[in-house]
Amino acid sequence: MSDTINGLDRLRIERLVWSLDQQLYDLPRAQRVATRREVRANLREAARDVGTAEALRRVGGSRRLAQQYLIAEFGDRPRHSWIGAAYAAVLVPLVLDYFLGEAGNAFQSGVTAADPHATGTYVWSGVSWLQSTATYTFSNGTASSHGGAWTPFTYLVWLVVTIAGGRLWRLRFRRRAAAGPA
């Protein structure tokens, strides 16, 4: 075939390489970079020999190739994912706080819609199981609030979603051998 690879062929190779990289996040960074470089070099060489389309077809797709790399590194056993656990641990509080805050704002808006110059103390029980009671104090339509914290059940939901998101039940703890007599 041709000794040169055109720009479009380089983009097709890069797409596969970066798709592969996204699926190899369980590997250490240095190993991922080395894998990217190796796959890129091999694909460019194969593209020069048999053409880009044929080289990419022979690889079989980034998902299959990533699976082979991960099996070679970790074996065939299912793995945990620290990245998945981190995403879950960060996103669950953000999403919960947003929705619980919007629910509290809806209660406050409901009080001011009923009486634009409301004055007094109003108690809202919060979202059942997820939020504690919130107290709103109105003075001539202006509100201040306190309460509405997460309940213990909410923290439990957060923990369960983090464990599920990272498949942390698959984490294997190694026993260290006890030091013998010196």
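In this text, all values refer to a predicted model and were calculated from it rather than measured experimentally. (Residues numbered from 1 in each chain as written. Predicted model: local features only at pLDDT ≥ 70, side-chain atom pairs only at ≥ 80, totals over all residues. Heavy atoms only, no water.)

Student: Please explain the packing of helix α5 (residues 82–114) against helix α6 (residues 152–166) as it appears in this structure.
Tutor: Two quantities define a packed helix pair, namely the angle between the axes and the distance from one axis to the other. The geometry of α5 relative to α6 is characterised by a closest axis approach of 7 Å and an angle of 150 degrees between their N-to-C directions. You can see that α5 and α6 cross each other, and the crossing is right-handed. For the pair α5 and α6, the contacting residues are Gly84, Ala85, Ala88, Ala89, Val92, Pro93 and Leu96 in the first and Thr154, Trp158, Val161, Thr162, Gly165 and Gly166 in the second. When its residues are assigned to classes, the contact of α5 with α6 shows 8 nonpolar, 5 polar and no charged. (Axes fitted to C-alpha atoms, helices over the stretch in contact; angles between N-to-C directions. Helix = DSSP H or I, 4+ residues; strand = E, 2+ residues; numbered from the N terminus. Left-handed = near helix turned anticlockwise from the far one by under 90°. Contact = heavy atoms within 4.5 Å. Nonpolar A, V, L, I, M, F, W, Y, C, P; charged D, E, K, R; others polar.)

Student: Would you explain helix α4 (residues 62–74) in this entry?
Tutor: An α-helix turns once every 3.6 residues. As a result, residues three or four positions apart point the same way. The end-to-end C-alpha distance of α4 is 18 Å, a good match for the 18 Å that 13 residues give at a rise of 1.5 Å each. For α4, the full list of buried residues reads Ser62, Leu65, Ala66 and Leu70. Mapping the buried residues of α4 onto a view down its axis gives an arc of 135 degrees, with all of them on the same face. Along its buried surface, α4 packs onto α1 (7–23), α2 (29–50) and α3 (52–59). Of the residues trailing α4, Gly75 is marked for its positive phi of about 90 degrees. (Expected span 1.5 Å × (residues − 1). Buried < 20%, exposed > 50% of the residue type's maximum accessible area, 1.4 Å probe, protein only. Arc of directions from axis to C-beta.)

Student: I would appreciate a short explanation of the environment of Ala118 in the present structure.
Tutor: With respect to the helices and strands, Ala118 occurs in the loop between α5 and β1 (120–124). Along the sequence, Ala118 and Asn42 sit 76 residues apart, while their C-alpha atoms lie 72 Å from each other. Residues within four places of Ala118 in sequence aside, it is in contact with Val111, Phe138, Ser139, Asn140 and Gly141.

Student: What is the right way to read the side chain of Asp21 from this model?
Tutor: Position of Asp21 relative to the elements: it lies in helix α1. Its relative accessible area of 2% is what places Asp21 among the buried residues. A polar side-chain atom of Asp21 sits 3.2 Å from a polar atom in the side chain of Arg36. Residue contacts for Asp21: discarding those within four places in its chain leaves Arg32 and Arg36. (Polar contact = N/O pair within 3.5 Å; in protein donor to acceptor, adjacent residues only side chain to side chain.)

Student: Explanation requested: the sheet that holds strand β3 (residues 142–147) in the structure shown.
Tutor: Whenever strands of a sheet pair, they do so through backbone hydrogen bonds, lying parallel or antiparallel. Here 3 strands make up an open sheet; going across it, the order is β1-β2-β3 and the pairing antiparallel. The open sheet is flanked by β1 and β3, the only strands paired with a single partner. Neighbouring strand axes in the sheet, compared pairwise and without regard to direction, differ in orientation by 20 degrees on average. The pairing of strand β2 (residues 134–139) with β3 spans 6 bridges and is classified as antiparallel. Along β3, the bridge assignment pairs Thr137 with Ser144. (Pairing = 2+ DSSP bridges.)

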